[in-house]
Number of protein chains: 2
Amino acid sequence: MAGNAVAAGAVTGEALAGYLRAQATDFLRALRLHRETGGGGAAGGAEDSVDAARALRRTARRISAGLHTFRPLLDADWSERIRPELAWVSGTLALEHACGARLERLLLALHRLSGAAAAPVPARVGVPTQAGPAAPAASSTPGRGNLTVGAAKAGALLDRQLTLARTRAHSTALQALGSSRFHAVADQVAVLASEVPLTPAAATTDLRPLAAAAQERLTDAVAALPLVTAGSPYNAEALVHGLSPDPAPHPQDTPWHQVRLLLRLHRYACEVLDGGPGTPADVRLLAAARALDRHRDAAEAASAAAQAARTPRIAPATAYALGVLHADQRHEVEAARYAFQHSWPKRNP
Amino acid sequence: MAGNAVAAGAVTGEALAGYLRAQATDFLRALRLHRETGGGGAAGGAEDSVDAARALRRTARRISAGLHTFRPLLDADWSERIRPELAWVSGTLALEHACGARLERLLLALHRLSGAAAAPVPARVGVPTQAGPAAPAASSTPGRGNLTVGAAKAGALLDRQLTLARTRAHSTALQALGSSRFHAVADQVAVLASEVPLTPAAATTDLRPLAAAAQERLTDAVAALPLVTAGSPYNAEALVHGLSPDPAPHPQDTPWHQVRLLLRLHRYACEVLDGGPGTPADVRLLAAARALDRHRDAAEAASAAAQAARTPRIAPATAYALGVLHADQRHEVEAARYAFQHSWPKRNP
């Protein structure tokens, strides 16, 4: 994997090619598995299908990130054509998972807020069949008897809305995977699995400055975050605008979401240098990444609760429970920022 | 003030008598001021009247605490007769202030949650006249135009409910101050201002062991608090049961309220030993006391928001805003516990 006739310790385009080939191979394997399991429609194959979809997302993200961070080493035309297509694939497949995870998070929070701590929360690992969700709403929330009427109704409303969104996302994903647009992507990835279109100079180009630039973009973005505020607990920052008439996402969340994406690019660049995915050399990055995932999930769950509260003709008790839930998730947002601030090395990582 | 023929450094019953006489004198002065200002009904006298009511509460609490902590030094019959009466006076007078402070806290939070940070919050230092609140609801919430419909309606609802409660508390307090029951208390305090009914042994009894016992009761109660939980920020403890069908106050709040009362007894016992009110020797006690006041205020504000949400026929948007507000105040409860845990000396104070 080491280059020849280049600076000692250098990691060259060969390492990038090896990484991209491996990811492309994994993508194709996941695609085969997904087709064999019928995309979650066949009995027994639901879990395999979820695993396959996750592997498709994972590999599509990594290939896309490699093309982005190391673009000077790759055929520019090809790279610019395939990158948005890979983003479309991972984005389309992520939506279904996100709806399920959001519902699970919100139902868990409703149980916690009701003091029904012992109530098991439905393991929603399965995907809905094309006809609709596999589990009926009633059986999906054991312990609902411990909730107030408002919390139970809020849970049922969220279950309806997010299950519907998930079912739609599932159909959209299945349609996407059957489309000619996706077949074109799969063909491109199949080519990549055997032959990476490197530039002539790539074999002797050191990857490390490009990886360092990705890290610098991350470091700069982190430096611009309000880490001092986030470092003082209970600063009540994340709930400001919680009742604002502006229904747009919280503008203060955006730089945190941006850091999450830059951290991911940095992690994947490290993987290329380290010869493949695995535990990063700096394990603190994992804690930071987890905190930012939690930040994103809580922010989106808070929006979903606020959105559900705008459903016409709901009972005041339902709206009240959704308000409590919204504020709870916004505090989760704040807690995640606090956790990120603590996980982040005080000097450059 | 030092005893004679007792252990060196001892503080005896004379110090207690001096403290009680001074507090009783202040009580009588406040009572005169309150009568001169007409209990808030007369124009121009409202602020003086508030000050007078505060001084009555302060001194009644301190006399009552002195009788409790140092009861072996005082005539038992007399002491047991007057203590509940003093508690009745301070409790009755506190209610009006609490309603006003609660409304101010909730309106401030609604503005913060709406992102209307610059909006000034009404200074509600005045007391309502007997006819009703002095300020009309509209002028009491400038910047309401920046709120959502729900937040504005929630603010108006809370304003109505808490202003009504405050007006009632004001009438009750005025009635109480004019009652024969209160005149009997005032007569007892007048006697106390000139002659404290000490036991014969009090002149040579050291107060310090009794003050130490009060401190020990505090220390034991603090040790029983879940300080480890409170010391980890964002533990989401205070919101558990936030949606519970049980409308009773949060049972987990009770030990914190109890510590607040024990801390007050400890502080007043220190005042007796130190020769009068003033900055305590251990200033950390002030931070701890402030945190516990904030804990109590936020817990009661959260209850008021939840209570308002049970008003029949309110709009879902109003209920939603009240839910957000409730959760926000419960997080304030949690933040106050965190602040207390940090203010509290790790060893015995």
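Given the structure is predicted, the values throughout are model-derived calculations rather than measurements.

Enquirer: An account of the overall build of chain A is requested, with residue identities and associated values reported.
Expert: Scanning chain A from terminus to terminus reveals 10 helices and 0 strands. For chain A, the sequential pattern of α-helices and β-strands runs α-α-α-α-α-α-α-α-α-α. Within the span of chain A, comprising 349 residues, buried residues form 44% of the whole. Considering only contacts in chain A between residues 6 or more positions apart, those separated by 24 or more positions represent 80%.

Enquirer: Describe helix α5 (residues 180-194) of chain B, and please don't skip the residues or the numbers.
Expert: Residue and element names in this part refer to chain B. Here α5 is 15 residues long and its end C-alpha atoms lie 22 Å apart, about the 21 Å a rise of 1.5 Å per residue gives. Buried residues of α5: Val185, Val189 and Leu192, and no others. Viewed end-on, α5 has its buried residues packed into an arc of 50 degrees, placing them on one side of the element. Of the exposed residues in α5, the ones pointing more than 90 degrees away from its buried face are Ser180, His183, Asp187 and Ser194.

Enquirer: So, the relation of the copies chain B and chain A: which residues are in play, and what are the values?
Expert: Relating one copy of the chain to the other requires a rotation about an axis plus a shift along that axis. With an RMSD of 0.0 Å, the fit of chain B onto chain A corresponds to turning through 180 degrees and sliding 0.0 Å along the axis. Seen this way, the second copy is the image of the first under a two-fold rotation axis. Comparing interface residues between copies, 100% of those in chain B also sit at the interface in chain A, which points to an isologous, same-surface contact.

Enquirer: Could you give an account of the environment of Trp78 of chain A, naming the residues involved and the relevant values?
Expert: All names here are of chain A. With respect to the helices and strands, the residue Trp78 is situated in helix α3 (residues 76-113). Owing to 15 C-beta atoms within 10 Å, Trp78 belongs among the partly exposed residues under this scheme. Spatially, the C-alpha atoms of Trp78 and Ala315 are 55 Å apart, while their sequence positions differ by 237 residues.

Enquirer: Tell me what's going on with the confidence of the model for chain A, and back it up with residues and numbers.
Expert: Residues and elements named next belong to chain A. Across chain A, the average pLDDT comes to 87, with 86% of residues at 70 or higher. Per-residue pLDDT stays below 50 along residues 118-145; that stretch engages in 49 contacts with residues further than four places along the chain or on separate chains. The complex prediction reports pTM at 0.87, with the ipTM value standing at 0.86.

Enquirer: So what about the interface of chain B and chain A? Which residues, and what values?
Expert: The interface is formed by 35 residues belonging to chain B together with 35 residues belonging to chain A. Elements supplying a minimum of two residues to the side of chain B that touches chain A: α3 (76-113), α4 (149-178) and α10 (316-343) of chain B. Broken down by element, the residue count for the side of chain B that touches chain A peaks at 14 residues, all from α10 of chain B. The class makeup of the residues in the side of chain B that touches chain A is 23 nonpolar, 10 polar and 2 charged.

Enquirer: Give me unusual backbone geometry: which residues, what numbers.
Expert: Residues and elements named next belong to chain A. Unusually for a residue other than glycine, Arg313 sits at a positive phi of about 60 degrees. Residue placement: Arg313 occurs in the loop between α9 (284-309) and α10 (316-343). Residue classification places Arg313 among the exposed positions, given that 6 C-beta atoms sit within 10 Å.

Enquirer: A description of the domain arrangement of chain A should follow, citing residues and the corresponding values.
Expert: Residue and element names in this part refer to chain A. When the domains of chain A are assigned, the result is domain 1 (13-194) and domain 2 (206-343). Each partner contributes residues to the interface: domain 1 has 28 residues there, and domain 2 has 31 residues. Where the side of domain 1 that touches domain 2 is concerned, the elements lending two or more residues are α1 (13-36), α2 (46-69), α3 and α4 (149-177). The dominant element in the side of domain 1 that touches domain 2, judged by the number of residues it contributes, is α4, at 9 residues.

Enquirer: Explain the packing of α3 of chain B against α4 of chain B residue by residue, including any values.
Expert: Two numbers describe a pair of packed helices, the interaxial angle and the distance between the axes. Residue and element names in this part refer to chain B. Relative to each other, α3 and α4 sit at 170 degrees, their axes nearing to 7 Å. For the element pair α3 / α4, the angle class is roughly antiparallel. As α3 packs across α4, the resulting crossing turns out to be left-handed. Broken down by class, the residue content of the contact of α3 with α4 amounts to 16 nonpolar, 6 polar and 4 charged.

Enquirer: Break down the packing of α3 of chain A against α9 of chain A for me, with residues and values.
Expert: All names here are of chain A. Taken N-terminus to C-terminus, the directions of α3 and α9 make an angle of 75 degrees; their axes are 10 Å apart at the nearest point. In this view, α3 runs roughly perpendicular relative to α9, as classed from their interaxial angle. Contacts between α3 and α9 pair Ala101, Arg102, Arg105 and Leu106 from the former with Asp297, Glu300, Ala301, Ala304 and Ala305 from the latter. Partitioning the contact of α3 with α9 into residue classes produces 5 nonpolar, no polar and 4 charged.

Enquirer: Tell me about the environment of Ala201 of chain B, and name the residues and values.
Expert: Residue and element names in this part refer to chain B. Of note, Ala201 is situated in the loop between α5 and α6 (208-223). Of the residues examined, Ala201 has 11 C-beta atoms within 10 Å and is grouped as exposed. Note: C-alpha distance between Ala201 and Val333 (132 residues apart in sequence) is 45 Å.

Enquirer: How would you sum up the environment of Ala186 of chain B? Please name residues and give values.
Expert: All names here are of chain B. Within the secondary structure layout, Ala186 lies in helix α5. Look at Ala186 and you get partly exposed, because 16 C-beta atoms sit within 10 Å. With 159 residues separating them in the primary sequence, Ala186 and Phe27 have C-alpha atoms 8.6 Å apart.

Quick notes on the rules
Residues numbered from 1 in each chain as written. Chains lettered and ligands numbered in written order. Predicted model: local features only at pLDDT ≥ 70, side-chain atom pairs only at ≥ 80, totals over all residues. Helix = DSSP H or I, 4+ residues; strand = E, 2+ residues; numbered from the N terminus. Buried ≥ 20, exposed ≤ 12 C-beta atoms within 10 Å, placed from the backbone. Contact = placed C-beta atoms within 7 Å. Expected span 1.5 Å × (residues − 1). Arc of directions from axis to C-beta. Least-squares fit on C-alpha atoms with pLDDT ≥ 70 in both. pLDDT = per-residue confidence, 0-100. Nonpolar A, V, L, I, M, F, W, Y, C, P; charged D, E, K, R; others polar. Domains from an automatic or database assignment. Axes fitted to C-alpha atoms, helices over the stretch in contact; angles between N-to-C directions. Parallel < 35°, antiparallel > 145°, perpendicular 65-115°, else oblique. Left-handed = near helix turned anticlockwise from the far one by under 90°.

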